[in-house]
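Working through the structure, step by step
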Amino acid sequence: MKVIRTPAEMHDLRAELRRQPVSVGLVPTMGYLHEGHNSLLRRAREENDVVVMSLFVNPTQFRAGEDLSTYPRDEERDLAIAEGSGVDYVYAPEPDDVYPAGYSTKVEVEGLTEVLCGSETSRGPGHFAGVTTVVAKLLNAVDPDAAYFGQKDAQQATVIRRMAEDLEFRTRIEILPTVRERDGLAMSSRNAYLSPEARERATAIWASLLETESVFAEDGLDAAVDAGRRHLEMAGITPEYFEARYPGTLDPADGEGEEPILVAVAANVDGTRLIDNILIEPSRTTRRNPE
Ligand code: AMP
């Protein structure tokens, strides 16, 4: 496994790979790797000749006052995990090389980025502009056949798919299921911030989404979302948002048709902001009171 430190080196590598008949898979990460990242690396390994993992805590997707300076980092450990998962190249540039003096370009997806995590009361649309800009730069530098993202960040997945289609990136965007701890908590680098008490309480997030799914089958969507929110509040967690939307457009869901429904939640648990979601498939739930 080789570590690549600059965009220029990455471009040289890509030029060299282009001379060979190989497929390239990219897994973008901000490091502090866990089993969620590993599932993406494993899939990339299965599907490609060459696997590139990027390791970059992207400053432009953090709002002032967010956890950029304290975001958990352990490059040595990440490199060992990446090597164990069969990564060929880790692309780990410095912020100053990604955004050198004079850098002025932003890639922004409209609409989809203004709700949920993009609303002004959450991280704001600037968060996703940071994400789409860095992902566009990564897709451009690595030019992968496929890039792998997690359903854990469902809105991010929707926004990136939209951007890739709109800008005609030829990369296949693959979205993989959320990997969870045994008690259901979605794996996240930020779980490292949780005290034992907060870690225990955070299990209410996935439980509230399961509650939503089961009430939906009985009583419909509005009652289901209310029940999910109440479940969280009973655990002493006030969600930043708890909403049902259609996953492709992120329009509010009414739950009347057969379309899958994304129920997404963001919540601050003792100072740590956690997100999670569930996809409810109306066609696969038995509605006892469909009226
Ligand atoms: P991050 O390092 O948090 O930016 O995440 C890098 C990639 O891993 C993103 O595509 C995430 O959606 C994905 N990811 C993070 N947590 C999980 C998880 N628990 N299960 C599956 N994918 C995940």
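Residues numbered from 1 in each chain as written. Predicted model: local features only at pLDDT ≥ 70, side-chain atom pairs only at ≥ 80, totals over all residues. Heavy atoms only, no water.

**Side note on the side chain of Asn58**
- Counting through the fold element by element, Asn58 comes out in the loop between β3 (50-55) and α3 (75-84).
- For Asn58, a relative accessible area of 1% corresponds to the buried category.
- Among the polar contacts listed, one links the side chain of Asn58 to the side chain of Gln61, at a separation of 3.0 Å.
- Reaching out from Asn58, the side chain makes a polar contact with the side chain of Tyr99 at a distance of 2.6 Å. (Helix = DSSP H or I, 4+ residues; strand = E, 2+ residues; numbered from the N terminus. Buried < 20%, exposed > 50% of the residue type's maximum accessible area, 1.4 Å probe, protein only. Polar contact = N/O pair within 3.5 Å; in protein donor to acceptor, adjacent residues only side chain to side chain.)

**Concerning the nonpolar core**
- Core analysis: the biggest nonpolar cluster contains 42 residues, and Val52 and Val135 have the highest contact counts within it.
- If you list the elements that add at least two residues to this core, you get α1 (7-18), β2 (24-29), β3, β4 (89-91), α5 (125-142), β5 (146-150), α6 (154-166) and β8 (261-269).
- Sort the elements by how many residues they give to this core and α5 lands first, with nine residues.
- Counting the residues that make up this core, at least three belong to each of domain 1 (2-176) and domain 2 (189-279).
- Beyond its immediate chain neighbours, meaning those up to four positions away, Val52 contacts Val24, Gly25, Leu26, Val27, Tyr89, Tyr91 and Val142.
- Grouped together as the second largest cluster of nonpolar side chains are 28 residues, Ala204, Leu232, Ala244 and Val269 included. (Core = buried A, V, L, I, M, F, W, Y, C linked by side-chain atoms within 4.5 Å. Domains from an automatic or database assignment. Contact = heavy atoms within 4.5 Å.)

**Details of a negative patch on the surface**
- Together, Asp222, Asp254, Glu256 and Glu259 give the surface a local cluster of negative charge.
- Relative to the helices and strands, Asp254 is located in the loop between β7 (239-245) and β8. (Patch = residues over 30% accessible without salt bridge, like charges linked within 9 Å, V, L, I, M, F, W, Y side chains within 5 Å. Areas by Shrake-Rupley, 256 points an atom, 1.4 Å probe, with all protein chains shown as cover. Salt bridge = Lys/Arg side-chain N within 4 Å of Asp/Glu carboxyl O. Lys, Arg positive; Asp, Glu negative; His and termini not counted. Charge placed at Lys NZ, Arg CZ, Asp CG, Glu CD.)

**Thoughts on the domain arrangement of the chain**
- Its domain assignment divides the chain into domain 1 (2-176) and domain 2 (189-279).
- A separation of 26 Å is found between the C-alpha centroids of domain 1 and domain 2.
- Across the contact, 22 residues belong to domain 1 and 18 residues belong to domain 2.
- At the junction of domain 1 and domain 2, the tally comes to one salt bridge.
- For Arg190, the salt bridge identified is with Asp67, shortest N-O distance 2.8 Å.
- Counting every contact that joins domain 1 to domain 2 gives 10 residue pairs in polar contact (both at pLDDT 80 or more).
- The dominant element in the side of domain 1 that touches domain 2, judged by the number of residues it contributes, is α6, at three residues.
- Looking at the side of domain 1 that touches domain 2 residue by residue, the class counts come to nine nonpolar, nine polar and four charged. (Nonpolar A, V, L, I, M, F, W, Y, C, P; charged D, E, K, R; others polar.)

**Quick word on the pattern of salt bridges**
- As enumerated under the stated definition, the model contains 20 salt bridges in all.
- The closest approach of N and O atoms between Arg229 and Asp226, which form a salt bridge, is 3.7 Å. With Arg229 and Asp226 both in helix α9 (residues 221-234), this residue pair falls three residues apart, about one helical turn.
- Look at Arg229 and you get partly exposed, because its relative accessible area is 32%.
- Between Arg284 and Glu281 there is a salt bridge; the shortest N-O distance is 3.9 Å.
- Among the residues examined, Arg284 registers a relative accessible area of 69% and is labelled exposed.
- When salt bridges that share partners are traced, they join Arg43, Glu47, Arg172 and Glu174 into one network.

**A word on the sheet that holds β2**
- Ordered by their spatial adjacency, six strands build an open sheet running β1-β4-β3-β2-β5-β6, and the pairing between neighbours is parallel. Either end of the sheet is taken by a strand with one partner, and the two such strands are β1 (2-4) and β6 (172-176). Within this sheet the neighbouring strands show an average axis-to-axis angle of 25°, counted without direction.
- Of the strand pairs in this sheet, β2 and β3 are connected by six bridges, and their pairing is parallel. Residue pairing in the sheet places Val24 in a bridge with Val50 of β3.
- The strands that α5 touches are β2, β3, β4 and β5; relative to β2, the one it contacts most, it runs at about 150°. (Pairing = 2+ DSSP bridges. Axes fitted to C-alpha atoms, helices over the stretch in contact; angles between N-to-C directions.)

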